[in-house]
Amino acid sequence: MAAEEGAMSPTRMLAEGHLRVATGGGAPADGGIAVRHLPHHHAAKKALEGVGGKNEQDNDEDADFVPSQDLNKLANGNGNSKIPATLDDYKRFLVPIIEEYFSTGDVELAASELRYLGSDQFHNYFVKKLISMAMDRHDKEKEMASVLLPALYADLLSSSKMSEGFMMLLESTEDLAVDIPDANDILAVFVARAVVDEILPPVFLTRARALLPEFSKGIEVLHVAEKSYLLVPHHAELVERKWGGSTHFTVEEVKRRIQYILREYVESGDTDEAFRCIRELGLPFFHHEVVKRALTLGMENLSSQHFILKLLKESTAGCLISSNQMSKGFCRLAESIDDLSLDIPSAKTLFDKLVQTAISEGWLDASFTTSSAPNEDLQNASGEKVKHFKEESGHIIQEYFLSDDVPELIRSLQELSAPEYNPIFLKKLITLAMDRKSREKEMASVLLSSLSLELFSTDDIMKGFIMLLQSAEDTSLDIVDASSELALFLARAVIDEVLIPLNLDEISSKLRPNSSGSQTVHMARSLLAARHSGERILRCWGGGTGWAVEDAKDKISKLLEEYNTGGDLGEACQCIRDLGMPFFNHEVVKKALVMAMEKQNEANILALLQECFSEGLITINQMTEGFSRVNKGLDDLILDIPNAQEKFEAYVDLATECGWLLPSLASVT
């Protein structure tokens with residue numbers, strides 16, 4: 001009955017792919033969020049005393065309490081370990097499991113009982129039930145629920161079921177608020193905590209917001225989660241301590257601990273001791289970092305490779321590291337292999353051998369494949385040359401962020417004389433911009449548009465984005481909401497005609513299915529498909545002045561009219577500069593030429609174009625694009641200006657003589 005009622009609900013849309021989230025039973029493919037903090041979860045069998053609080057009343061589930069010990073009797077009676085025959089049965093059996101967990105704090109027991117219960121298709125109801133019961137209790141139970149979910153994630157609770165469970169909670173916020181006055185804020189903390197713990201992708205908030213009614217309490221919850229928790233300074237630490245979580249490690253501290261454990265293991269060769277230390281970290285959802293660092297250590301120190309392979313093989317056989325975490329560790333290393341090659345020139349070859357060994361010995365899924373690098377020449381290039389280029393590029397970009405001088409940056413980039421590394425420059429530009437404010441993000445998009453006309457080919461830009469997307473998961477560890485930011489950069493590139501929509505398909509084909517990168521491309525497509533997408537994407541970072549295209553055209557017309565009626569040449573140039581849209585200067589050229597045809601004082605207008613070109617304000621590519629657009633519209637112009645053809649040809653002759661245009665335009669006219 002419940003399933004039928006939810007047939008067209010947002011939750012069902014999530015399940016059926018109308019609104020896609022990271023799917024599958026694996027570790028979070030979306031690459032998660034840039035968490036700077038990870039909770040140190042409770043030991044599996046640490047008893048937590050003093051459980052208190054009210055009994056939870058679930059408004060849409062009239063489930064009777066079934067004592068935990070009765071589960072075995074029912075199972076034996078059915079002759080089947082997958083006890084619940086229906087959804088209603090499943091809901092009833094959840095209550096004793098959750099009650100027992102709140103009484104004992106035994107994560108392993110809760111996991112065992114949920115696994116014994118089976119019915120994976122109903123696990124989204126477990127997520128909902130656990131949180132709704134915790135919401136009506138003390139902070140201790142809320143913290144315990146937040147600890148249990150990451151512990152069950154990937155191995156028992158898939159990413160899709162986790163998202164569906166939270167979606168169901170958001171849909172029932174109105175009902176929860178009847179019995180729990182501060183339900184909105186409590187649920188907002190649960191959502192924020194799930195994002196910080198990487199069991200919900202950050203994009204979940206955007207996707208859920210698109211499905212919920214505009215003025216629903218679910219929307220209010222998402223707003224509170226974002227504005228009050230996820231976007232505030234030190235948000236991860238704030239969220240983790242909200243309910244008095246025990247100990248807190250930053251990501252860097254966890255990485256240092258893992259590195260220390262691995263180095264100690266290589267020196268001692270004591271596998272059991274290494275397993276004990278990994279287990280004591282209490283972070284099963286972060287075991288992919290163990291895999292990644294172990295593989296890197298084996299590549300850096302070939303003499304340790306035998307020990308590393310032994311550790312990883314036995315950790316899989318002993319179920320310490322799940323197959324999903326193992327695959328994710330390999331995936332993350334594959335995505336950062338370009339950077340690793342700077343320190344280990346043979347990294348690609350060594351990694352391929354490790355993959356073959358792992359697959360042949362059966363501890364890595366045979367379906368694992370590494371996407372080919374976007375440019376094999378880049379991988380085989382001299383490490384020193386690439387390193388030097390990256391350093392110089394960083395200086396050039398930092399200078400650009402200070403000066404906002406596009407022509408100067410282009411000159412500096414040309415002086416490096418390394419066009420084969422253009423994709424690396426693009427990756428560096430966007431990575432640096434993502435970690436800065438909206439001003440720098442907007443400047444990066446503006447620069448990319450200029451570079452696409454002056455220096456970069458479409459192939460260069462595609463390869464640069466592929467490199468960014470392949471390393472998206474690593475980037476997300478340092479940059480909050482990197483996936484969403486990168487999707488905006490991709491969408492903006494399409495709006496600015498740096499890329500065409502078909503290029504997104506080509507980029508996606510180079511990425512692993514269900515990876516963070518492929519999800520980012522999907523997100524960019526969704527942004528582009530939305531109503532008024534052009535205006536919204538242009539304004540996403542305040543696009544110069546934050547104007548939409550029509551607003552910008554209106555500003556251009558007004559500044560040209562003012563200049564033509566006796567305005568100052570220098571002031572007109574400054575107004576064009578103040579538009580902050582150098583990638584749209586072809587519109588200035590087009591409108592200026594049309595105005596010159598219509599007015600008597602055409603020499604004045606042409607003088608403005610000459611001044612803009614001389615100052616580098618309007619580039620040769622933008623000038624050529626403007627002339628080309630007028631040429632394409634000549635048939636319509638002739639209806640209002642009979643001699644438009646003759647005038648345009650005269651303007652082209654003048655522009656060619658002055659060097660404004662690329663040679664290609666002369667052949668067209």
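The structure reproduced in this document is the subject of the present report. Just so we're clear, the structure is a prediction, and the values are computed from it rather than from any experiment.

Looking now at the packing of helix α34 (residues 585-598) against helix α38 (residues 644-658). Packing of α34 against α38 leaves a shortest axis separation of 10 Å and a crossing angle of 125°. Between α34 and α38, the angle is such that the two are oblique. Judged by the twist between their axes, the crossing of α34 over α38 is right-handed. Contacts between α34 and α38 pair Leu593, Ala596 and Met597 from the former with Ala644, Lys647, Phe648 and Tyr651 from the latter.

Moving on, we come to helix α16 (residues 287-300). For α16, spanning 14 residues, the distance from its first C-alpha to its last is 20 Å, which sits close to the expected 20 Å at 1.5 Å a residue. In terms of burial, α16 is largely enclosed, as 12 of its 14 residues are buried. Considered for burial, the residues of α16 that qualify are His287, His288, Glu289, Val290, Val291, Lys292, Ala294, Leu295, Thr296, Leu297, Gly298 and Met299.

There is a patch of like negative charges on the surface, built from Glu561, Glu598, Asp635, Asp636 and Asp640. Take the negative patch: its biggest share by element is 3 residues, from helix α37 (residues 634-640). With respect to the helices and strands, the residue Asp636 is situated in helix α37. The exposed category is assigned to Asp636, whose relative accessible area is 56%.

A few words now on the packing of helix α7 (residues 139-152) against helix α10 (residues 183-196). Think of two packed helices as two axes; the pair is described by the angle between the axes and how far apart they sit. Running from amino to carboxyl end, α7 crosses α10 at an angle of 30°, the nearest separation of the two axes being 11 Å. Taken together, α7 and α10 sit at an angle that is classed as roughly parallel. In the packing of α7 onto α10, the handedness of the crossing is right-handed. Across from Lys142, Glu143, Ala145, Ser146 and Val147 in α7, the residues of α10 making contact are Ile186, Phe190 and Arg193.

Below, the discussion takes up unusual backbone geometry. Residues other than glycine predominantly adopt negative phi, and peptide bonds predominantly adopt the trans conformation. The phi dihedral of Cys319 falls on the positive side, at around 60°, and the residue is not glycine. In this structure, Cys319 sits in the loop between α17 (305-317) and α18 (323-335). The phi torsion at Ser417 lies on the positive side, around 50°, for a residue other than glycine. Take Ser417: it is sitting in the loop between α23 (406-416) and α24 (422-434). For Ser417, a relative accessible area of 56% corresponds to the exposed category.

Okay, the nonpolar core next. Soluble, globular proteins show a tendency: their nonpolar side chains are buried together. In terms of nonpolar packing, the biggest core is built from 68 residues, with Phe126, Phe166 and Phe190 touching the most fellow members. In this view, Phe126 contacts Tyr90, Leu94, Ile98, Leu114, Leu148, Leu152 and Leu157; residues no more than four positions away in its chain are not counted.

Parameters and conventions
Residues numbered from 1 in each chain as written. Predicted model: local features only at pLDDT ≥ 70, side-chain atom pairs only at ≥ 80, totals over all residues. Heavy atoms only, no water. Axes fitted to C-alpha atoms, helices over the stretch in contact; angles between N-to-C directions. Helix = DSSP H or I, 4+ residues; strand = E, 2+ residues; numbered from the N terminus. Parallel < 35°, antiparallel > 145°, perpendicular 65-115°, else oblique. Left-handed = near helix turned anticlockwise from the far one by under 90°. Contact = heavy atoms within 4.5 Å. Expected span 1.5 Å × (residues − 1). Buried < 20%, exposed > 50% of the residue type's maximum accessible area, 1.4 Å probe, protein only. Patch = residues over 30% accessible without salt bridge, like charges linked within 9 Å, V, L, I, M, F, W, Y side chains within 5 Å. Areas by Shrake-Rupley, 256 points an atom, 1.4 Å probe, with all protein chains shown as cover. Salt bridge = Lys/Arg side-chain N within 4 Å of Asp/Glu carboxyl O. Lys, Arg positive; Asp, Glu negative; His and termini not counted. Charge placed at Lys NZ, Arg CZ, Asp CG, Glu CD. Core = buried A, V, L, I, M, F, W, Y, C linked by side-chain atoms within 4.5 Å.

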